[in-house]
Amino acid sequence: MSNKPYFDDVADEWDQMRKSFFSEAVREKALATAGVQRGKIAADIGAGTGFITEALVNEGVAVVAIDQSEAMLDAMKKKFVGIQGVDFRLGEAENLPIPGDSVDYAFANMYLHHVEIPLKAIKEMVRILKPGGKLVLTDLDEHDYDFLRTEQHDRWMGFKREDVNRWLTEAGLKAVVVDCADEDCCAQSSCGCDDAVISIFIASGQK
Ligand SMILES: C[S@@+](CC[C@H](N)C(=O)[O-])C[C@H]1O[C@@H](n2cnc3c(N)ncnc32)[C@H](O)[C@@H]1O
């Protein structure tokens with residue numbers, strides 16, 4: 001079942017929710033892993049309200065921000081009024097609205113555990129990278145907090161790092177590394193009876 005209605009519903013609250021889940025350090029580490037340079041172009045996939053995009057723009061990187069949810073993109077557009085260098089596009093994991101070989105970096109934060117087929121989504125992100133371009137994924141390590149599936153519509157209970165490594169390699173990336181981000185994602189179930197603390201990984205590779 002699609003998780004789009006869920007994200008449409010929470011769009012206006014997403015920034016507050018996000019702050020309670022994980023910190024800005026996650027995006028700082030993602031950008032550092034890519035070694036972003038001013039004047040380059042990046043894609044932020046599953047951009048939400050622009051957590052990664054905001055940091056990229058501050059570094060002088062132009063961004064194509066893609067999300068399946070119009071409501072998320074609308075919330076993001078409100079925040080980015082007057083800010084140059086962001087191209088907002090409605091799009092789906094399997095068919096990103098970007099030509100092949102066109103971006104220097106592709107980022108996806110807390111997106112992979114929401115897609116139906118992770119390998120397919122990774123291959124599609126690799127397709128849009130220029131040769132030499134870098135993919136950086138930040139997402140959840142494998143966990144057993146079932147309430148995240150029922151309450152937050154997660155499709156995947158995080159991932160084994162060896163699976164992520166294999167998918168990036170199978171998608172054609174070189175210099176693949178999947179490492180600990182030294183950050184956690186924290187969430188409480190609606191009954192208040194379950195507290196999730198899940199470690200976050202950073203996966204990267206070069207086309
Ligand atoms: C957990 S939010 C993360 C948003 C943002 N990256 C952040 O870090 O705040 C996941 C986002 O991915 C989007 N998304 C989920 N599945 C998608 C898909 N199949 N295609 C495109 N976007 C998707 C959702 O609409 C949502 O905005």
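For the structure itself, look to the data block above.
Residues numbered from 1 in each chain as written. Predicted model: local features only at pLDDT ≥ 70, side-chain atom pairs only at ≥ 80, totals over all residues. Heavy atoms only, no water.

S.K.: What is the right way to look at helix α5 (residues 70-79) in this model?
M.R.: Because each turn of an α-helix spans 3.6 residues, side chains separated by three or four positions end up pointing in the same direction. Along α5, the residues classified as buried are M72, L73, A75 and M76. Down the axis of α5, the sector holding all buried residues measures 160 degrees, keeping them to one side. Buried-residue contacts for α5 involve α1 (4-10), α2 (14-21), α4 (51-58), β2 (62-67) and β3 (86-90). (Buried < 20%, exposed > 50% of the residue type's maximum accessible area, 1.4 Å probe, protein only. Helix = DSSP H or I, 4+ residues; strand = E, 2+ residues; numbered from the N terminus. Arc of directions from axis to C-beta. Contact = heavy atoms within 4.5 Å.)

S.K.: So what exactly am I meant to see when it comes to the nonpolar core here?
M.R.: A general tendency of soluble globular proteins is for nonpolar side chains to be buried together. Among the nonpolar cores identified, the biggest contains 43 residues, and F22, V36, L56, F107 and I200 are the most heavily contacted of them. With 5 residues, the top contributor of residues to this core is α4. Sequence-distant contacts of L56, that is, excluding residues within four places in its chain, are made with L31, V36, A42, V61, V63 and F107. Residues V64, L96, L119 and V126 belong to the second largest nonpolar core, which totals 32 residues. (Core = buried A, V, L, I, M, F, W, Y, C linked by side-chain atoms within 4.5 Å.)

S.K.: What am I meant to see in the packing of aromatic side chains here?
M.R.: How two aromatic rings sit relative to each other is given by the distance of their centres and the angle of their planes. What the rule picks out here adds up to 9 aromatic pairs. In textbook terms, an aromatic cluster arises when at least three aromatic residues are bridged by ring pairs, as seen for Y6, F7, W14 and F21. (Phe/Tyr/Trp six-rings, centres within 6.5 Å; stacked < 30°, edge-to-face > 60°.)

S.K.: In this structure, what is going on with the environment of H153? I would like to understand it.
M.R.: Relative to the helices and strands, H153 is located in the loop between α7 (147-152) and α8 (161-170). Accessibility expressed as a relative area gives 28% for H153, which makes it partly exposed. In the structure, H153 is positioned 109 residues away from D44 in sequence and 21 Å away in space, judged by C-alpha atoms. Every residue in contact with H153, bar those within four places of it in the chain, is listed here: N3, Y6, H114 and L148.

S.K.: Which parts of the structure should I look at to understand the site of the ligand?
M.R.: Lining the immediate surroundings of the ligand are 20 residues, of which W14, G46, D67, A93 and N109 lie closest. In the model, an oxygen atom of the ligand is placed 2.9 Å from a nitrogen or oxygen of the W14 side chain. D67 has a polar side-chain atom sitting 2.6 Å from an oxygen atom of the ligand. Isolated, the ligand exposes 600 Å² of accessible area, and the fraction of that covered by the protein chains is 97%. Cavity membership is defined here by more than half of the atoms lying within 2 Å of grid points; on that basis the ligand lies in the largest pocket. Residue composition of the shell around the ligand, by class: 9 nonpolar, 8 polar and 3 charged. (Near = heavy atom within 4 Å. Polar contact = N/O pair within 3.5 Å; in protein donor to acceptor, adjacent residues only side chain to side chain. Areas by Shrake-Rupley, 256 points an atom, 1.4 Å probe, with all protein chains shown as cover. 1 Å grid on protein atoms, 1.4 Å probe; cavity = no way out; pocket = protein on both sides within 12 Å on 5 of 7 lines; lining within 4 Å. Sits in = over half its atoms within 2 Å of the grid points. Nonpolar A, V, L, I, M, F, W, Y, C, P; charged D, E, K, R; others polar.)

S.K.: Would you take a moment to explain unusual backbone geometry for this structure?
M.R.: With glycine set apart, most residues show a phi of negative sign, and most peptide bonds adopt trans. For M110, which is not a glycine, the phi torsion comes out positive at approximately 55 degrees. Along the polypeptide, M110 turns up in the loop between β4 (103-109) and α6 (118-128). Positive phi values are uncommon outside glycine, yet H153 reaches one of about 60 degrees.

S.K.: So what exactly am I meant to see when it comes to the packing of α6 against α8 here?
M.R.: The angle between the axes and the distance between the axes are what describe a pair of packed helices. At a minimum axis separation of 9 Å, α6 and α8 run at an interaxial angle of 45 degrees. In this view, α6 runs oblique relative to α8, as classed from their interaxial angle. The element α6 and its partner α8 pack so that their crossing is right-handed. Contacts from P118, L119, I122 and K123 in α6 reach W167, L168 and E170 in α8. Looking at the contact of α6 with α8, its residues break down into 5 nonpolar, no polar and 2 charged. (Axes fitted to C-alpha atoms, helices over the stretch in contact; angles between N-to-C directions. Parallel < 35°, antiparallel > 145°, perpendicular 65-115°, else oblique. Left-handed = near helix turned anticlockwise from the far one by under 90°.)

S.K.: Hey, could you run me through the pattern of salt bridges in this one?
M.R.: Pairs can form between side chains of opposite charge once their charged atoms are near each other. Taken as a whole, this structure holds 14 salt bridges when the rule is applied. The partner of D8 in a salt bridge is K4, and the shortest N-O contact between them spans 2.8 Å. Taken as a pair, D8 and K4 lie in helix α1 at a separation of 4 residues, close to a single helical turn. Measuring nitrogen to oxygen at the nearest pair gives 2.9 Å for the salt bridge that ties R127 to E124. Residue R127 and its partner E124 are located together in helix α6, separated by 3 residues, close to a single helical turn. A relative accessible area of 29% places R127 in the partly exposed class. A cluster of three or more residues bridged by salt bridges with shared partners is formed by K4, D8 and E70. (Salt bridge = Lys/Arg side-chain N within 4 Å of Asp/Glu carboxyl O.)

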